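What follows is the residue order along each chain.
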Amino acid sequence: MLKLAVMVSGGGTNLQALIDQIEQNKLLDVKIEVVISNNKNAYAIERAKLHGIAAETISKKDYETFDKFSEAFLKMVDSYKVDLIVLAGCLMIIPENIVVNYKNRIINIHPSLIPSFCGDGFYGLKVHEAALARGVKITGATVHFVDEGTDTGPIILQKSVAIEEGDTAEILQRRVMEQAEWEILPEAVQLIAENRVVVENNLVHIKK
Ligand code: GRF
């Protein structure tokens, strides 16, 4: 059984995709042990509670120093004894101590085809605004391992989505979620649960 900690900050539609696929027996041998948010008002927390999943909030604002926050954050995650941390619509900076202690055991869903439209400042609608401004004809989503950088870890899965005439950032975000994010995030978790994801020289190989 692959045990997850899912980290969220907002609406939690990617979390919902994981919950739904687990409950529909489409995502097998996976259990969400805890949902952690930096935002106590995140609807993602409500989604967790509606499905009987433990929910925690933690914010660096509640600690005197970043180090004390990082220590408390790591202790919180460790207490759930999870195998994989999933960043799903998570705007939290993941402290280095967690990235180091959970090397190649943290994945993130990013709403573009990395290396386009990613890195510092590219999150949420901003990603789609940049894609529309550049005039790209396809965009999509990427699931990648989290390393010390921002959206720089080894890429696990990607899925492309066509941009259509008249798209606004909001319309495009929804299409990327529906047609890409909500599909490849559960798919990546399933591959990891089946031990089919191998990282060599910072490149991901999916075993048959
Ligand atoms: C999504 O576009 C996701 O790719 C990005 O945050 C947005 C909201 O995600 N990381 P969610 O609805 O909170 O899962």
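Before reading on, note that the structure itself is shown above.
Definitions and cut-offs
Residues numbered from 1 in each chain as written. Predicted model: local features only at pLDDT ≥ 70, side-chain atom pairs only at ≥ 80, totals over all residues. Heavy atoms only, no water. Helix = DSSP H or I, 4+ residues; strand = E, 2+ residues; numbered from the N terminus. Rg over C-alpha atoms; globule rule 2.2 N^0.38 Å. Buried < 20%, exposed > 50% of the residue type's maximum accessible area, 1.4 Å probe, protein only. Contact = heavy atoms within 4.5 Å. Areas by Shrake-Rupley, 256 points an atom, 1.4 Å probe, with all protein chains shown as cover. Lys, Arg positive; Asp, Glu negative; His and termini not counted. Charge placed at Lys NZ, Arg CZ, Asp CG, Glu CD. Pairing = 2+ DSSP bridges. Axes fitted to C-alpha atoms, helices over the stretch in contact; angles between N-to-C directions.

A. Representation of the overall build of the chain. Looking only at helices and strands, the chain features six helices and nine strands. Scaling as 2.2 N^0.38, a compact globule of 208 residues should have a C-alpha radius of gyration of about 17 Å, and the chain matches this with 16 Å. With the principal axes as the frame, the chain shows a C-alpha extent of 50 × 45 × 40 Å. Across the 208 residues in the chain, those meeting the buried criterion constitute 48%. Look at the contacts in the chain between residues 6 or more apart in sequence, and 64% of them connect residues 24 or more apart. Taken as a whole, the chain presents about 10700 Å² of accessible surface, with 49% of it coming from carbon and sulfur. Side-chain charges in the chain split into 22 positive and 28 negative, and the spacing between the mean points of these groups amounts to 2 Å.

B. Broad picture of the sheet that holds strand S5 (residues 106–110). Reading across from one edge, S3-S2-S1-S4-S5-S6-S7 is the order of the seven strands in this open sheet, with mixed pairing throughout. Each edge of the sheet is formed by a strand with only one pairing partner; in this case those strands are strand S3 (54–57) and strand S7 (155–162). On average, adjacent strands in this sheet sit at an angle of 20° to one another, irrespective of strand direction. The sheet contact formed by strand S1 (residues 2–8) and strand S4 (residues 84–87) spans four bridges and is parallel. The residue of S4 that forms the bridge with alanine 5 is isoleucine 85. The strands that helix H2 (residues 43–50) touches are S1, strand S2 (30–37) and S3; relative to S3, the one it contacts most, it runs at about 155°.

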